[in-house]
Amino acid sequence: MDELNGKLIACQILITGLIARVANEQRDPLRFLTDFRDEIKAVVNGVNITGMDSTDRVRAVAQKTVDELFSLMKPPSSD
């Protein structure tokens, strides 16, 4: 289980870095991040989760993970 958690954390870091890199190339990075976050949250809300009795908990954890990923990103510097 620890190996799986480590791989998931590494994947989250990679995705966060990739999103930040793309955002930095945009004219308005903060708006891009906000729009992208909203799109990702909409996808999480619409994903069909099967094989479980209650998908609400899985969906809530996924939403929390999205929020955590985007909270790691800082607004662009004024440099």
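All figures in this text were calculated on a predicted structure; none of them were measured in a lab. (Residues numbered from 1 in each chain as written. Predicted model: local features only at pLDDT ≥ 70, side-chain atom pairs only at ≥ 80, totals over all residues. Heavy atoms only, no water.)

**Q** When you look at the confidence of the model for the protein in this model, what are you seeing that I'm missing?
**A** Predicted coordinates in areas of low pLDDT are best not read in detail. Per-residue confidence for the protein gives a mean pLDDT of 79, with 85% of residues at or over 70. Across the protein, helix α2 (residues 29-46) holds the top mean pLDDT of 85, while helix α1 (residues 2-24) sits lowest at 77. (pLDDT = per-residue confidence, 0-100. Helix = DSSP H or I, 4+ residues; strand = E, 2+ residues; numbered from the N terminus.)

**Q** Mind showing me how you'd approach α2 here?
**A** In an α-helix, one full turn covers 3.6 residues, which means residues spaced three or four apart are oriented alike. Its 18 residues give α2 an end-to-end C-alpha distance of 26 Å, which sits within 8% of 26 Å, the value for a rise of 1.5 Å per residue. Within the span of α2, buried status applies to P29, L33 and V44. Seen along its axis, α2 keeps its buried residues to an arc of 50°; they face one direction. α2 presents R31, E39 and G46 as exposed residues on the side facing more than 90 degrees away from its buried surface. (Expected span 1.5 Å × (residues − 1). Buried < 20%, exposed > 50% of the residue type's maximum accessible area, 1.4 Å probe, protein only. Arc of directions from axis to C-beta.)

**Q** Help me out: how do you make sense of the side chain of R59 in this one?
**A** Of note, R59 is situated in helix α3 (residues 56-71). Despite its burial, R59 pairs with no opposite charge, the nearest such side chain being D56 at 5.4 Å. At 2.6 Å, the side chain of R59 forms a polar contact with the backbone oxygen of V44. Here the side chain of R59 touches V47 through a polar contact of 3.1 Å, landing on its backbone oxygen. If we skip the residues at most four places from it in the chain, R59 touches V44, N45, G46, V47 and I49. (Lys, Arg positive; Asp, Glu negative; His and termini not counted. Salt bridge = Lys/Arg side-chain N within 4 Å of Asp/Glu carboxyl O. Polar contact = N/O pair within 3.5 Å; in protein donor to acceptor, adjacent residues only side chain to side chain. Contact = heavy atoms within 4.5 Å.)

**Q** Which parts of the structure should I look at to understand the packing of aromatic side chains?
**A** How two aromatic rings sit relative to each other is given by the distance of their centres and the angle of their planes. Scanning the entire structure with this criterion turns up one aromatic pair. When the centroid spacing of 5.8 Å and the interplanar angle of 15° are considered together, the rings of F32 and F36 count as stacked. With F32 and F36 both in helix α2 and four residues apart, this pair spans about one turn of that helix. The exposure class assigned to F32 is partly exposed, which follows from its relative accessible area of 23%. Overall, F36 belongs to the partly exposed group, its relative accessible area being 26%. (Phe/Tyr/Trp six-rings, centres within 6.5 Å; stacked < 30°, edge-to-face > 60°.)

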